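An overview of the molecular structure
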Amino acid sequence: MATLKDFRDERVRKLNEIREAGIDPYPAHSNRNAKIKDILDNFDNFDGKDVCVAGRIAGIRSFGKLAFVVLEDDSGKVQIFLKDEAAKFTKKLDSGDFLEAAGKVGKSKTGEISIFCDAPRLLGKALRPLPGRDGFTNKEERLRRRYVDMAVNPEVRERFIRRSKFWTATREFLNAHGFVEVNIPVLEVTTGGADANPFVTHMDALDQDYYLRISHELPLKRLIGGGFERVYDIGPRFRNEGMDEEHLPEHIAMESYAAYQDYEDGMKLYEEMIKYVCKETWGTLQFEHDGMKVDLDCEWPRKTYADLLKEHFNIDVFNPDVEQIKGILREHKMKFDENASASRLLDYAWKIIRKESAGPYWLIHEPVEVSPLAKKHAEDPRVTERFHPIIFGTEMGNGYSELNDPIDQLERFEKQQAMRDAGDDEAQMLDMDFVEMLEYGMPPTCGWGNSERNFWLFEGVSAREGVPFPPMRKSED
């Protein structure tokens, strides 16, 4: 039985023969002037005309002086008809090679649209054969060699085209609403804006440790303090935590901030944005994932954090009974630190409720203790003007009326730092530079952020399936 080495050796032999014939098997330039789909969709306009197409060989059939090659680019497949010397050249070719074919457009005797080529030109010799679709289904192999996965499974490639549309639509919406995209640093001396464990690196030029950002938040709010009124950034963020169906340590996220808006304005704006992005990316507002059906085409109701915990578990979030909450967590087999703070335990209890919620609805009014950067509610200072869209059992975004009181912010930072000093690696760091910015003044502002987890859930795939090259433990063959 032929092995991969046998196939590779045969292709290397052909490669050497091609080079000995004076042919460059890896030229730098291609003369392509037409995409395959354009020819197929507009045959009457191309019939009888000379074109030059290029792509990967998907199949070869050789009959002596005649040969047929199926050529595929990212838009479609077309038959290449070759004869005489051109047909002989196919003996040096294999499926997976990249080929350029110049010739007239027409139809074969069987009526198939074809390009009649007299001089095919090799653009890249493939030394390993691509597996068939049926032979490349192992998940580990697919994720590790994603370039092969995309080559043999076009639906995977199409997923990442939709991923691009997802972020393009996000930019279009924000730009149309007066936001300015400003790229901010990935490396931070003090990181914050989320409850997460950061990655640490070292900058040799300054001989100082830095953190990879866990959030875009604090630098963007510095821009608001600097005079910008509507800003956003889209890019990677890093959280040194576990991987599961909805989380990756590295992922793309967006955060935006609008001066002179509050959380009520934010809920209206970002509900509109999510609907717009879904329509532009998938063409629908109805989705199904993991047994849950969601229809976004409505005005999303609002539910308060305290009401939900009271309704489901009879928990009083303003006077939490720590032992009661621990008992609930044990009953639901939730892992937790026995020494965790009351606010952290409340968050674990909320996650039990959240995971069973199809939505859509807005979760609002989280307690001050679990929202260290959000403004207190004007009528109930125990809670904050924070909002999350709950869809498919997860928080598909995070927003709030931003805290712009420097004294209040410092007090909350100090509480978070105390939790961090006590061993909570996800508690936020004390950022005195940010407090100083607030002392110079920042207007009322509404902030919002969402990650590509939204894309994964609406697309109906896991986190690792939802990115082109997921993190994998290193392995070499």
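An account of the accompanying structure is given in this report.

Thresholds applied
- Numbering of residues starts from 1 in each chain and follows the order in which that chain's sequence is written.
- Two thresholds apply to this predicted model, a pLDDT of at least 70 for residue-level local features and 80 or more for giving and counting side-chain atom pairs, whereas whole-chain, interface and lining totals are computed over all residues.
- Computation of side-chain values covers all heavy atoms of the structure but excludes hydrogens and water.
- The rule for pairing is simple: two strands pair if DSSP sees at least two bridges between them.
- Starting at the N terminus, helices and strands are each numbered in turn, a helix being any DSSP run of H or I of at least four residues and a strand any DSSP run of E of at least two.
- Type-normalised accessible area, obtained with a 1.4 Å probe on protein chains alone, sets the label of each residue: buried when under 20%, exposed when over 50%, and partly exposed for intermediate values.
- Arc definition: it is the arc formed by the directions from the helix axis to the C-beta atoms.
- Working rule for contacts: check all heavy atoms of both residues, and any pair within 4.5 Å makes them a contact.
- For our purposes a nonpolar core is just a set of buried Ala, Val, Leu, Ile, Met, Phe, Trp, Tyr and Cys residues, chained together by side-chain atoms within 4.5 Å.

Details of the sheet that holds strand E10 (residues 208–212)
Pairing is antiparallel in the open sheet, where three strands are placed in the order E8-E10-E9. Each edge of the open sheet carries a strand with a single partner, namely strand E8 (187–188) and strand E9 (200–203). Bridge analysis of E8 against E10 gives two bridges, and the strand direction is antiparallel. Bridge pairing links Leu 187 to Leu 212 in E10.

Thoughts on helix H11 (residues 322–331)
For H11, every residue scored as buried is listed here: Ile 325, Lys 326, Ile 328 and Leu 329. Taken end-on, H11 shows its buried residues confined to a sector of 160°, consistent with a single buried face. Among the exposed residues of H11, those oriented more than 90 degrees off its buried face are Glu 323 and Glu 331. On the buried face of H11, the contacting elements are helix H10 (305–313) and helix H12 (342–355).

A closer look at the nonpolar core
With 41 residues, the main nonpolar core has Leu 296, Phe 387, Phe 392 and Phe 458 as its most contacted residues. Examining the composition of this core, we find that nine residues originate from one element, helix H9 (residues 263–282), more than from any other. Sequence-distant contacts of Leu 296, defined by excluding residues within four places in its chain, comprise Ile 274, Lys 275, Cys 278, Leu 285, Phe 287, Pro 360, Ile 391 and Phe 458. By size, the runner-up hydrophobic cluster in this structure holds 25 residues, among which are Ile 18, Phe 43, Ile 80 and Leu 99.

A word on H10
For H10, the complete set of buried residues consists of Tyr 305, Ala 306, Leu 308, Leu 309 and Phe 313. Within H10, the buried residues cover an arc of 165° as seen down the axis, which keeps them to one side. In H10, those exposed residues whose orientation departs by more than 90 degrees from the buried face are Asp 307 and Glu 311. In the core, the buried residues of H10 are packed alongside strand E15 (302–304), H11, H12 and strand E16 (361–364). Asn 314 sits one or two residues past H10 and shows a positive phi near 55°.

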